Amino acid sequence: MVDIAQQAAIHPASAKDAAAARVPLTTIDPGQWRALAQRAVEPNGYYLPAWALAVSATARSRTNASALPAFDKTSSRLIGLMPVISLWRACKIPLPALVSAHPYGTLCSPLIDRDAPIEAATQVLQDARKAGAHALVLNDVALDGAAMHALKQALSRDGLKPRILSSYLRASLDATQDDETLLRDALGSKKLKELRRLRHRLEEHGPVAFDVARRPDEIGPALETFLQLEASGWKGKRGTALVQHAGDAAFIRRAVPALAETAQCEIITLRAGTAPVAAGIVLRHQDRAFFFKLGIDERFARYSPGVQLTLELTRHLCADPAIASADSTASADHPMINPIWRGRFAIGDVLIPLRRHDPVVALIHGALVGFNTAHETARRLVRRLRK
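Values in this document were obtained by computation on a predicted structure and should not be read as measured data.

Bringing the packing of helix H6 (residues 117-130) against helix H7 (residues 146-157) into the picture now. Where H6 meets H7, the closest approach of the two axes is 8 Å, and the angle between their N-to-C directions is 70°. Classified by the angle between their axes, H6 and H7 sit roughly perpendicular to one another. Where H6 crosses over H7, the handedness of that crossing is right-handed. Across from Pro117, Ile118, Ala121, Thr122 and Leu125 in H6, the residues of H7 making contact are Ala150, Leu151, Gln153, Ala154, Leu155 and Arg157.

Another aspect to go through is the nonpolar core. It is characteristic of soluble globular proteins that their nonpolar side chains tend to be buried jointly. Within the largest apolar cluster, 91 residues are counted, with the highest numbers of intra-cluster contacts made by Trp51, Phe251, Ile252, Ile281 and Ile352. Leave out the neighbours within four places in its chain, and isoleucine 252 touches Trp51, Leu223, Leu227, Leu242, Pro257, Ile281 and Phe292. By size, the runner-up hydrophobic cluster in this structure holds 35 residues, among which are Phe300, Leu317, Cys318 and Ala326.

This paragraph deals with the side chain of glutamine 308. With respect to the helices, strands and loops of the structure, glutamine 308 is situated in helix H12 (residues 305-318). For glutamine 308, the residues in contact, after removing those within four places along its chain, are Leu195, Leu198, Arg199, Leu270 and Tyr303.

As a further point, take the packing of aromatic side chains. Overall, the coordinates contain 9 aromatic pairs when judged by the stated rule. Relative to phenylalanine 290, the ring of tyrosine 46 has its centre 5.8 Å away and its plane inclined at 65°; by these criteria the two rings are edge-to-face. With tyrosine 46 in the loop between helix H3 (30-39) and helix H4 (49-58) and phenylalanine 290 in strand E11 (residues 288-296), this pair connects stretches of sequence that are 244 residues apart. Phenylalanine 290 shares its class with tyrosine 46; the two are buried. Aromatic ring contacts, followed pair by pair, group Tyr46, Trp51, Tyr104, Phe251, Phe290 and Phe292 into a single cluster. The ring centre of tyrosine 104 lies 4.2 Å from the NZ or CZ of arginine 62, which sits over that ring. Its guanidinium or amino end placed over the ring of tryptophan 88, lysine 92 lies 5.8 Å from that ring's centre, counting from NZ or CZ.

Let's shift gears to the packing of H4 against helix H11 (residues 246-260). Following both chains from N to C, one finds H4 and H11 inclined at 160°, their axes separated by 8 Å at the closest point. Of the possible angle classes, the one that applies to H4 and H11 is roughly antiparallel. For the element pair H4 and H11, the recorded crossing hand is right-handed. Residues Ala50, Trp51, Leu53, Ala54, Val55, Ala57 and Thr58 of H4 lie in contact with H11, whose contacting residues are Gly247, Asp248, Ala250, Phe251, Ile252, Arg254, Ala255, Ala258 and Leu259. Counted by class, the contact of H4 with H11 contains 12 nonpolar, 2 polar and 2 charged residues.

Rules used throughout
Residues numbered from 1 in each chain as written. Predicted model: local features only at pLDDT ≥ 70, side-chain atom pairs only at ≥ 80, totals over all residues. Heavy atoms only, no water. Axes fitted to C-alpha atoms, helices over the stretch in contact; angles between N-to-C directions. Helix = DSSP H or I, 4+ residues; strand = E, 2+ residues; numbered from the N terminus. Parallel < 35°, antiparallel > 145°, perpendicular 65-115°, else oblique. Left-handed = near helix turned anticlockwise from the far one by under 90°. Contact = heavy atoms within 4.5 Å. Core = buried A, V, L, I, M, F, W, Y, C linked by side-chain atoms within 4.5 Å. Buried < 20%, exposed > 50% of the residue type's maximum accessible area, 1.4 Å probe, protein only. Phe/Tyr/Trp six-rings, centres within 6.5 Å; stacked < 30°, edge-to-face > 60°. Lys NZ or Arg CZ within 6 Å of the ring centre and 35° of its normal. Nonpolar A, V, L, I, M, F, W, Y, C, P; charged D, E, K, R; others polar.

Below, the structure written as structure tokens:
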């Protein structure tokens, strides 16, 4: 098996083919990228150009991503885009595979043109082959989403099938429902009454207001409020707040105002009087919202400020006819949002073989299983140490 892997490395695609197939993310024309995002068969706010380019420019451990672009053969129109990095960079595994570039938010479903989904998916796979990859690894993709469906159809034409490495169910919101009915069904009358009581107690610190910053001139100050709140809590204590790392701070301060210019980002804030008690960043792509991050002032923890903010966000999204659904982008067992947003959809990591009967894919699969097992063991250990 080692000999097989060595042969794959010794006989890669030609340098010319590889250079044409896998290109720096920064070389993708922003206008074509934005147009593709408008036509994407499945929304992904984290692969919008303003967000993904800001991540690739400065975000910690996420810079200098490449891309597998697909173009219409007759018009040179961009019809598909998958940001990628090497398997070595992603996992320190020295095997010929490409991995979806992580855009900070936990969703890596590629952008596939709804007008040519099979053609786009087929070309993305062909680009990966030309780049010398024996497999693609898609992390955090919607397993039943339209982008994955297009990739499956393209694979089936070559007699190939994707392999699911891991999966979980993630909380989502059906924003077409009546907000109060949805919240009552999710939480029950008793829990909602308790939350109203806590809100009334919060009002002892000043009138409670829910603000939404959308315009470029107002979103900058709102972002700074969010960053301060996030750094003041447990994320700050663990050193994972965005503002604590120069590259992360630069990325978010570039991405949020840029997306606000196209009405694709907003900052939500809950205040008691003049004091902000919770804030969050929400991206928008097509008819879907993406709840990126939440920060709270832990001095007000007894009033459940994160829950109070999420209740207001739920009402805000359900009242917006432009939004049909919202992705929590949260972990499987998120204790705050799971009880409120009761919709679920499957998210997973997928291994896509690029050639039939390729023994190198078995090596890649085994290495990834071992990597994921070690990673999960380390996570459990860290959680125990933090208790």
